[in-house]
Amino acid sequence: MSHDFPAVRSGWGVFGRASTTLTDSEVLIHDWYVADGDPELLLRTADATEAKGLLPHLAAFFAERAAWHRRATDAVVTRFGDGIPTPAELADAETDLVLTTVEAHPGGDLVLHLDDSCRTHFLHGHWPAVRFGEDGSVKDVTVEA
């Protein structure tokens, strides 16, 4: 079976429709575009035109990548820590929680997925994710599996 979906090109790579090949060789086509890189980039739409429209949100992220990462790690510590976090706790989290994936959503939300690089903060197979609204404010902090 052939799948012909238009690619979305950007300064951060070529976004193609995400897919998974199952053990029986069946290929599942997902409803989002993905570009490999560091971090992995997702455009949460199945429509190529809409995907191109999400690229400015990624540009805003890359213009201040370190600041977005720090705000995300601070949000995780604040949400899951005990009491008011200390500057040392916030600094440790910034180092320990590595940015792995950035998702751009229709409407302007960005979700940053983080990996616990030292495996001491979250259970194996679980990772924190921080959702930012179009205005850059934290909307939600979750743990995903």
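(A) Quick peek at the environment of Thr120. Along the chain, Thr120 falls in the loop between strand E6 (110-116) and strand E7 (127-132). On the basis of relative accessibility, which here comes to 60%, the residue Thr120 falls in the exposed class.

(B) Structural context of the sheet that holds strand E5 (residues 97-104). If you trace the 8 strands from one edge of the open sheet to the other, you get E1-E2-E3-E4-E5-E6-E7-E8, paired in mixed fashion. Each of the sheet's edge strands pairs with one partner strand only, and the pair in question is strand E1 (8-10) and strand E8 (138-144). Each neighbouring strand pair of the sheet contributes to a mean axis angle of 35 degrees, computed without reference to strand direction. Summarising the sheet, E7 and E8 pair through 6 bridges and their orientation is antiparallel. Opposite Val130, over in E8, you have Val141 as the bridge partner. In this fold helix H2 (residues 65-80) packs onto E5, E6, E7 and E8, with an angle of close to 70 degrees to the strand it touches most, E6.

(C) Quick look at the packing of aromatic side chains. Summed over the entire model, instances satisfying the criterion amount to 5 aromatic pairs. Plain terms: the ring middles of Trp12 and Phe62 are 5.3 Å apart, the flat faces sit at 15 degrees to each other, and that makes the pair stacked. Note that Trp12 is positioned in the loop between E1 and strand E2 (13-21) and Phe62 in helix H1 (residues 48-63), a separation of 50 residues in sequence. Plain terms: the ring middles of Phe61 and Phe62 are 5.0 Å apart, the flat faces sit at 75 degrees to each other, and that makes the pair edge-to-face.

(D) The nonpolar core, seen in detail. Judged by nonpolar contacts, the single largest core of 30 residues is most densely connected at Val8, Phe15, Leu43, Leu58, Val102, Leu110 and Leu112. Mapped by element, the contributors of at least two residues to this core are strand E3 (27-35), strand E4 (40-43), H1, H2, helix H3 (87-96), E5, E6 and E7. Per-element tally for this core: the top contributor is H1, with 6 residues.

(E) Spatial organisation of H3. Every buried residue belonging to H3 is among Leu90, Ala93 and Asp96, and all of these are buried. Buried residues in H3, looked at end-on, bunch into an arc of 135 degrees, giving them a common side. Those residues of H3 that are exposed and angled more than 90 degrees off the buried face are Pro87 and Thr95. For H3, the secondary structure elements touched by its buried residues are H2, E5 and E6.

The rules behind each value
- Residues numbered from 1 in each chain as written.
- Predicted model: local features only at pLDDT ≥ 70, side-chain atom pairs only at ≥ 80, totals over all residues.
- Heavy atoms only, no water.
- Helix = DSSP H or I, 4+ residues; strand = E, 2+ residues; numbered from the N terminus.
- Buried < 20%, exposed > 50% of the residue type's maximum accessible area, 1.4 Å probe, protein only.
- Pairing = 2+ DSSP bridges.
- Axes fitted to C-alpha atoms, helices over the stretch in contact; angles between N-to-C directions.
- Contact = heavy atoms within 4.5 Å.
- Phe/Tyr/Trp six-rings, centres within 6.5 Å; stacked < 30°, edge-to-face > 60°.
- Core = buried A, V, L, I, M, F, W, Y, C linked by side-chain atoms within 4.5 Å.
- Arc of directions from axis to C-beta.

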